[in-house]
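Okay, here's what each chain looks like letter by letter:
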Amino acid sequence: MTVQLRVYVPPHPLIKHWLAVARDAATPSVLFRSAITELGRWLTYEAAREWLPTIETTVQSPLDACPATFINPEVPVAVVPILRAGLGLLEGAQTLLPLASIYHLGLVRDEETLEAQCYLNKLPEKFDPQTRVLITDPMLATGGSIMRAMAELTQRGVNPALTRIVSVVAAPPALQKLSAVYPELIIYTATIDETVNDRGFIVPGLGDAGDRIFGT
Ligand code: PRP
């Protein structure tokens, strides 16, 4: 697979651990939810590198003045969870990005055609072009859903170069589609799995993330 965009699979024991818990079919819903929350936290931590805008200043410590770096509060940060399953990653992301605005986007795949249908769109009409956008969706399978989400965002002024996707399992069809249109995009995922079966499920994957998070 040759893709132009950057896909990071952080080699971190906590990410590996919570991925293993999430993959295990014997994991009950309550623990699955915790695993996805933890993955949301650690993958967002990784994604925030060279993405969160900072400002350089000085502070006065009890002993002396010293250079200091703060998160720049003037630059808008937005998190876009793709419902339903992306909500599972939101809590962990929000603990690290407490000032971010959350814009929900509800997408569901037609079980026959696998095409993503939009049933809820809480995006603003226009984003400030400086906005840092973090999209959360645990599964990037055929890529229909994430391509739809990117189209909705970019047509509202979002810059793909300032956008990060946090996912848990990403598959080649989705990565190839994203790369062809948004080569400047950067993705953080716990793993890349090679296969998407004819029902649109990633193999081995972790099953239906939305159903497992919400116990449906
Ligand atoms: C799943 C998953 C992704 C999408 C990935 O959502 O959470 O959003 O499918 O598939 P794709 O790359 O082939 O589009 P689903 O439609 O099952 O809805 P849910 O999150 O409400 O369960």
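Our structure's up above, just so we're on the same page.
Here the structure is a predicted model, which is why all the values come from computation and not from measurement.

Student: Hey, could you run me through the site of the ligand in this one?
Tutor: The environment of the ligand is made up of 16 residues, and the closest members are Arg109, Asp137, Thr142, Gly143 and Ser145. At 2.7 Å, a side-chain N or O of Arg109 approaches an oxygen atom of the ligand. Here an oxygen atom of the ligand sits 2.7 Å away from a polar atom, N or O, in the main chain of Gly143. For the ligand, the protein covers 93% of the area, taking 500 Å² as the surface of the free molecule.

Student: For this particular structure, what's the right way to read the nonpolar core?
Tutor: If you look at the biggest cluster of nonpolar residues, it comprises 36 residues, and the most contacted ones within it are Ile36, Leu39, Leu97, Leu134, Val168 and Leu206. Listing elements by their share of this core, those giving two or more residues are helix 1 (13-23), helix 2 (29-47), strand 4 (77-83), helix 3 (86-96), strand 10 (163-170), strand 11 (186-192) and helix 6 (209-214). The element contributing the most residues to this core is helix 2, with 6 residues. In contact with Leu39, other than residues within four places in its own chain, are Ile15, Trp18, Leu19, Thr44, Leu89, Val168 and Ala190. Ranked by size, the runner-up nonpolar core spans 25 residues in total, among them Val80, Ile82, Leu107 and Ala170.

Student: Explain the side chain of Arg132 to me, please; I cannot follow it from the model alone.
Tutor: With respect to the helices, strands and loops of the structure, Arg132 is situated in strand 8 (residues 132-136). Put simply, Arg132 is tucked away with no salt bridge, and the nearest opposite charge, on Asp128, sits 7.4 Å away. A polar contact of 2.8 Å, which involves the side chain of Arg132, links it to the backbone oxygen of Gln130. Apart from residues lying up to four places away in sequence, Arg132 is in contact with Trp51, Pro53, Val75, Pro76, Val77, Ala78 and Leu162.

Student: Explain unusual backbone geometry to me, please; I cannot follow it from the model alone.
Tutor: Where the residue is not glycine, phi is negative for most of them; where a peptide bond is considered, it is trans in most cases. The peptide bond linking Leu83 to Arg84 adopts the cis configuration, its omega dihedral lying at -10 degrees. Position of Arg84 among the secondary structure elements: in the loop between strand 4 and helix 3. The amide bond that connects Val203 to the next residue, Pro204, takes the cis arrangement and shows omega of 0 degrees. Examined against the element boundaries, Pro204 turns out to sit in the loop between strand 13 (202-203) and helix 6. Unlike most non-glycine residues, Leu114 shows phi in positive territory, near 65 degrees. Mapping Leu114 onto the fold places it in the loop between strand 6 (105-109) and strand 7 (116-121). Owing to a relative accessible area of 16%, Leu114 belongs among the buried residues under this scheme.

What counts, and at which threshold
Residues numbered from 1 in each chain as written. Predicted model: local features only at pLDDT ≥ 70, side-chain atom pairs only at ≥ 80, totals over all residues. Heavy atoms only, no water. Near = heavy atom within 4 Å. Polar contact = N/O pair within 3.5 Å; in protein donor to acceptor, adjacent residues only side chain to side chain. Areas by Shrake-Rupley, 256 points an atom, 1.4 Å probe, with all protein chains shown as cover. Core = buried A, V, L, I, M, F, W, Y, C linked by side-chain atoms within 4.5 Å. Buried < 20%, exposed > 50% of the residue type's maximum accessible area, 1.4 Å probe, protein only. Helix = DSSP H or I, 4+ residues; strand = E, 2+ residues; numbered from the N terminus. Contact = heavy atoms within 4.5 Å. Lys, Arg positive; Asp, Glu negative; His and termini not counted. Salt bridge = Lys/Arg side-chain N within 4 Å of Asp/Glu carboxyl O.

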